[in-house]
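# Reading the structure
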Amino acid sequence: MIADENHVNAALTQPIQWESIKWGHCEAVVKKLQVRIAKATRNGNYHKAKSLQWLLTHSYSAKCLAVRKVMLNKGKNTPGVDGHIITTNKGKGELVNCLKRRGYRAKPLRRVHILKADGKSKRPLGIPTIKDRSMQALYSLAVTPVAEATADGNSYGFRPKRSCADAIEQCFKVLASRVDPQWILEADIKGCFDNISHEWMLKHILMDKWILKQWLRAGYIETGKLFPTESGSPQGGLISPVLSNLVLDGIEALLKDKFGKRPIGINLIRYADDFIITAKTKECLEQQVKPLLIEFLEERGLQLSLKKTRITHITDGFNFLGQNVRKYPNGRNRYKLLIKPSKDNIKTFMTKIRKLIRKSRGLDQVTLIKILNSKIRGWANYHRFVVSKEIFSRMDYEIWAALWKWSKWRHPKKSAGWILNRYYQRQNLKNFCFSGLEKLDNGQINRHTLTLMSDIPIRRHIKIRLTANPFDSEFDAYFERRKSAWMKRNSKGRGIAYRMIKNQHGTCAHCRKAITMYDNWQLHLLTRASKGGSYRSGNLGIFHDKCHREVFTSCSAGSGTGHTNKV
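Small disclaimer: the values here were computed from a predicted structure and weren't measured.

### Section: unusual backbone geometry
- Here L321, not a glycine, exhibits a phi torsion of approximately 55°, which is positive.
- Tracing the backbone through its elements, the reader meets L321 in the loop between strand 9 (318-320) and strand 10 (323-329).
- Although it is not a glycine, R512 sits at a positive phi angle of roughly 65°.
- Note that R512 resides in the loop between helix 19 (491-503) and strand 15 (521-525).
- According to the relative accessible area criterion, R512 is exposed, its value standing at 57%.

### A look at the sheet that holds strand 2 (residues 122-127)
- The 4 strands lie next to each other as 2-1-4-5, forming an open sheet whose pairing is mixed. In this open sheet, the two edge strands, each paired with only one partner strand, are strand 2 and strand 5 (225-227). For this sheet the average axis-to-axis angle between neighbouring strands, irrespective of direction, equals 45°.
- Pairing of strand 4 (residues 220-222) with strand 5, which is carried by 3 bridges, proceeds in the antiparallel orientation.

### What to know about the side chain of S530
- When you line up the elements, S530 lands in the loop between strand 15 and strand 16 (540-544).
- In terms of polar contacts, S530 uses its side chain to reach the side chain of D476, at 2.7 Å.
- Not counting residues within four places of it along the chain, the set of residues in contact with S530 comprises K32, V35, S473 and D476.

### Digging into the environment of Q136
- Relative to the helices and strands, Q136 is located in helix 6 (residues 130-150).
- Sequence separation between Q136 and G237 is 101 residues, and the spatial gap between their C-alpha atoms is 6.9 Å.
- The residues contacting Q136, other than those within four sequence positions of it, are P128, W215, G237, L238 and I239.

### Examining the domain arrangement of the chain
- For the chain, the assigned domains read domain 1 (10-149), domain 2 (151-196 + 231-340), domain 3 (343-455) and domain 4 (473-555).
- Look at where the C-alpha atoms of domain 1 and domain 2 centre, and you get two points 30 Å apart.
- In this complex, domain 1 contributes 18 residues to the contact, which on the side of domain 2 involves 13 residues.
- Of the roughly 1300 Å² buried where domain 1 meets domain 2, counting both sides, 62% is carbon and sulfur surface.
- On inspection of domain 1 and its partner domain 2, the count reaches 1 salt bridge.
- For E148, the salt bridge identified is with R159, shortest N-O distance 2.9 Å.
- The interface formed by domain 1 and domain 2 contains 3 residue pairs in polar contact (both at pLDDT 80 or more).
- Broken down by secondary-structure element, the contributors of at least two residues to the side of domain 1 that touches domain 2 are strand 2 and helix 6.
- In terms of residues, the side of domain 1 that touches domain 2 owes the most to one element, helix 6, which gives 10 residues.
- Broken down by class, the residue content of the side of domain 1 that touches domain 2 amounts to 10 nonpolar, 5 polar and 3 charged.

### Some remarks on the pairing of strand 10
- The pairing of strand 9 with strand 10 spans 3 bridges and is classified as antiparallel. Within strand 10, the position partnered with N319 by the bridge is N324.
- What sits between the antiparallel neighbours strand 9 and strand 10 is a turn of 2 residues, in which L321 has the positive phi angle 55°.
- Pairing of strand 10 with strand 11 (residues 335-341) involves 7 bridges; the strand directions are antiparallel. Bridge assignment links K327 to a residue of strand 11, and that residue is L337.

### Brief notes about the packing of helix 3 (residues 46-57) against helix 6
- The interhelical angle for the contact between helix 3 and helix 6, taken along N-to-C directions, is 150°, at an axis separation of 9 Å. When the axis of helix 3 is compared with that of helix 6, the two are roughly antiparallel. By crossing handedness, the relation of helix 3 to helix 6 is classed as right-handed. Judged by residue contacts, Q53, L56 and T57 of helix 3 engage L138, Y139, L141, A142, V143 and V146 from helix 6.

### Some remarks on the environment of C98
- Within the secondary structure, C98 is located in helix 5 (residues 89-98).
- You can call C98 partly exposed: its relative accessible area is 39%.
- Separated by 36 residues in the primary sequence, C98 and S134 have C-alpha atoms spaced 9.7 Å apart.

### Some thoughts on a positive patch on the surface
- Taken together, the side chains of K32, R36, K39, K48 and K531 define a basic patch exposed on the protein surface.
- Here the positive patch gets 3 residues from one element, more than from any other, and that element is helix 2 (residues 23-42).
- Mapped onto the secondary structure, K32 falls in helix 2.

### Some points on the pattern of salt bridges
- Scanning the model with the defined rule gives 15 salt bridges in all.
- Its salt-bridge partner being D545, residue R481 comes within 2.5 Å of it at the nearest N-O pair. With a gap of 64 residues between them, R481 in helix 18 (residues 476-489) and D545 in helix 20 (residues 545-559) connect regions that are remote in the sequence.
- Assessed through its relative accessible area of 6%, R481 is described here as buried.
- A relative accessible area of 11% means that D545 is categorised as buried.

So, how was this worked out
- Residues numbered from 1 in each chain as written.
- Predicted model: local features only at pLDDT ≥ 70, side-chain atom pairs only at ≥ 80, totals over all residues.
- Heavy atoms only, no water.
- Helix = DSSP H or I, 4+ residues; strand = E, 2+ residues; numbered from the N terminus.
- Buried < 20%, exposed > 50% of the residue type's maximum accessible area, 1.4 Å probe, protein only.
- Pairing = 2+ DSSP bridges.
- Axes fitted to C-alpha atoms, helices over the stretch in contact; angles between N-to-C directions.
- Polar contact = N/O pair within 3.5 Å; in protein donor to acceptor, adjacent residues only side chain to side chain.
- Contact = heavy atoms within 4.5 Å.
- Domains from an automatic or database assignment.
- Buried area = accessible area lost by both parts, 1.4 Å probe.
- Salt bridge = Lys/Arg side-chain N within 4 Å of Asp/Glu carboxyl O.
- Nonpolar A, V, L, I, M, F, W, Y, C, P; charged D, E, K, R; others polar.
- Parallel < 35°, antiparallel > 145°, perpendicular 65-115°, else oblique.
- Left-handed = near helix turned anticlockwise from the far one by under 90°.
- Patch = residues over 30% accessible without salt bridge, like charges linked within 9 Å, V, L, I, M, F, W, Y side chains within 5 Å.
- Areas by Shrake-Rupley, 256 points an atom, 1.4 Å probe, with all protein chains shown as cover.
- Lys, Arg positive; Asp, Glu negative; His and termini not counted.
- Charge placed at Lys NZ, Arg CZ, Asp CG, Glu CD.

Structure representation (structure tokens):
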């Protein structure tokens, strides 16, 4: 495979037909190299890891995937300082040929300011050029396996297969019981991305130092002037989240060195630069954990924000990743942990929805419904894993009230009954549903109805295992079973499984015996993920649960590694 890759690299200067690129082959080549990089890093063979990184960043497959990632990003039409964007397949092919280390010089970032979540203050953002973004995407493919191999177990931000829901579920696990820690350190790093030490990054991050220095020292242009960058990582770049994770990883190991391998009550939960640390007493956090954390950050050129960093008791509650975590009284001397959407998050979302509805008075009903549904589903799906049913119902009413004002404004001289008949229908045994008809070009008529948050079921999230690594062949079976569990809980996933069983003529893809949707089945990748297999239809099969275990047990016996198949 590598010989074929080198043959392709020798002819990389030839024009590339973007439409003819075999993406499955590219993904397989890159995934195999990433697995080898992660294994070398875990074994402490850093020289081999760097050699494999060099091979990956000079491969044709990785360059194609890097350009595709940039072109699929929402900011693909946002130019850098050169004002250049790419809109044609020919331009994408030419960009692949331009991704070379020799002669590469990173251009300064174009500095813009965007609103923060509070809607008032702004934060700076640097926009690289298209070529610089593609180079960052290319090298992030090589750095991500290193970051995964060395990451803290309870770090969840900007990591493959992990999400905010995992971090929130970990909060529940370490705080729900009566004997769990009651005090929480809410840490806030002052200007995290802007103040990271360049010297520390160049000394400790396992990647091409010359390329990294290019990005760190590129500077930025604002109001037509060039400003140097003496510290910080390139905000707005595709590689920035990976670099920030590499800088902040190590807090968990530091706590274990201080308090033992299984410290009682000491827990870290981190999502990017937002993290909390729990302890049994307030004094432990103030006198032991906080000084340790300050020293750790100072080595990296960072500081804790003393104004925003605070120590909170669990009965007072704290906000984390848009959720409020708090224990409420539940009888005599008893408390129950409830995690709900935070008030600030609810207020911010409803302010945006009301503002959107007011600005959409000139839109027709169907267009407004389509815009609102995407935002409502996105917000509700994020909060569906916590105690939010009552909040969903209240927000449904507030959105309904805002839409009623929108309807009254459009027809100020019409009666309430006329407006109800015009804009509201009875749907699924519910009255007054905001609903409209759309006539398609083929003459077909579709009805669009506003999504209700209260119709979205609340489901407990299954947290990912701490040591799970998508670049480790030992966890191939684990991730397949997680995918199967998701498909069984999700109507779309069940539909995919039903069609796959039908295509297999109702038999198991392994033992060829009968299998149905009511049996205990598992999704299986015919070519394993660590060998470059993907979740494309041609590489998937439905197995009996017993057959799935047999396949991976035999693989484990042959390779000398054990497997734990629990989700």
